[in-house]
Each structure stands twice: as C-alpha cells, then as structure tokens.
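Survey of secondary and tertiary structure
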Amino acid sequence: MIDGTPVIGVVLENPLLSTRYPESGYVLAIFDTGYEGFAVIPEDIFKELRLNELSLYKRSMILPNGKLVESVGTYGRVTIPELNMFRDGFIETSEGVDEIVLGVEFAKGFRFVLDYCTNTFEISPC
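Notes on the structure in this doc start here. (Residues numbered from 1 in each chain as written. Predicted model: local features only at pLDDT ≥ 70, side-chain atom pairs only at ≥ 80, totals over all residues. Heavy atoms only, no water.)

Some remarks on the packing of aromatic side chains
Each aromatic ring pair is described using two quantities: the centre-to-centre distance and the angle formed by the ring planes. Applying the stated criterion to the full structure yields seven aromatic pairs. Centroid distance Phe38 to Phe106: 5.6 Å. Interplanar angle 65 degrees. Geometry classified as edge-to-face. One end of the pair, Phe38, is in the loop between β3 (27-31) and β4 (39-40); the other, Phe106, is in helix α2 (residues 104-107), and 68 residues separate them in sequence. Since its relative accessible area comes to 4%, Phe38 is described here as buried. Residue class for Phe106 comes out buried when judged on its relative accessible area of 0%. Note on Phe106 and Phe110: the rings are 5.4 Å apart at their centroids and 25 degrees apart in plane angle, and the pair reads as stacked. Sitting over the face of the ring of Phe86, Arg77 holds its NZ or CZ atom 3.9 Å from the ring centroid. The cationic tip of Arg87 hangs over the ring face of Phe110; the distance from NZ or CZ to the ring centre is 4.5 Å. (Phe/Tyr/Trp six-rings, centres within 6.5 Å; stacked < 30°, edge-to-face > 60°. Helix = DSSP H or I, 4+ residues; strand = E, 2+ residues; numbered from the N terminus. Buried < 20%, exposed > 50% of the residue type's maximum accessible area, 1.4 Å probe, protein only. Lys NZ or Arg CZ within 6 Å of the ring centre and 35° of its normal.)

Following this line, the structure appears as structure tokens:
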C-alpha cells in the first residue's frame, strides 16, 4: 500500500503484437473495487501497447466523481510478476484517465487482504 491506497506491481501486455509496458520491470496499478471492469489505463500507454491497432469496442463507464464517460478498449493481458501469474481481460481507456486501475473483473481468481491496521495489502491466487 502507498498512503493507504492498495497497489499492485504489474506488467501490461498486448500478446497479439508482442508489446509490453513497461519495457522492463513493472509499474504500480491501483486496485479499486469501485471499478467493475478489468483494467483502465491512460491513453498514452494504450497507444504504446498498440492496443489501438486491434478491434476496439466502445463502452460507458462511471468515474469516481459520478461522471459518465465513453471508453474504448480491447483485450489484453495483465501480469503480476511477483506471483508469476497473468490474467487476460478487457483493457479500456478514456480521455482524462491518468492512472492504471484494476477492478473487480480483474480480481476474480485472487484473494486480497487489505489490512489498514498494519498498512499492508496482499494478493494471492485462490
């Protein structure tokens, strides 16, 4: 956890075009149970992964401030290097998204322990 926010070290991938973000190491993603989707990422990362070159689907999503926005997305991969595991799912983006957020759809198949007493956040497979 960072300042009370649950974060996970991940690698984002487009397995069809063999691209990954970041190129080495991992990036921190926020885990948010208020987001029902799989993953939402900033537009520049979406383009760097070349996900915009695949078949895109439009969806609507509600931001934390209650605003309804249109998103576009396609299927990609999120890898958790610490667990040597990955999940494939719908990765979307929208104007103004500035963080990598993993949601409830991503969480399926994992156990999360969020302990504010010890300021720890743990993830493990079911």
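The discussion continues.
A few points about the side chain of Thr79
Position of Thr79 among the secondary structure elements: in strand β6 (residues 68-80). There is a polar contact of 2.5 Å between the side chain of Thr79 and the side chain of Glu13. With residues near it in sequence (within four places) discarded, Thr79 still touches Gly9, Val10, Val11, Glu13, Met85 and Phe86. (Polar contact = N/O pair within 3.5 Å; in protein donor to acceptor, adjacent residues only side chain to side chain. Contact = heavy atoms within 4.5 Å.)

Regarding the pattern of salt bridges
Pairs may arise between side chains of opposite charge once their charged atoms sit close together. According to the stated counting rule, one finds four salt bridges in the structure shown. The closest approach of N and O atoms between Glu53 and Arg50, which form a salt bridge, is 3.0 Å. Overall, the relative accessible area of 49% leaves Glu53 in the partly exposed class. Note on Arg50: relative accessible area 32%, which makes it partly exposed. In this structure, Glu92 and Arg59 form a salt bridge, with 3.0 Å as the shortest nitrogen-oxygen distance. Highlighted residues: Glu92 in strand β7 (residues 85-93) and Arg59 in strand β5 (residues 57-62), separated in sequence by 33 residues. For Glu92, a relative accessible area of 0% puts it in the buried group. (Salt bridge = Lys/Arg side-chain N within 4 Å of Asp/Glu carboxyl O.)

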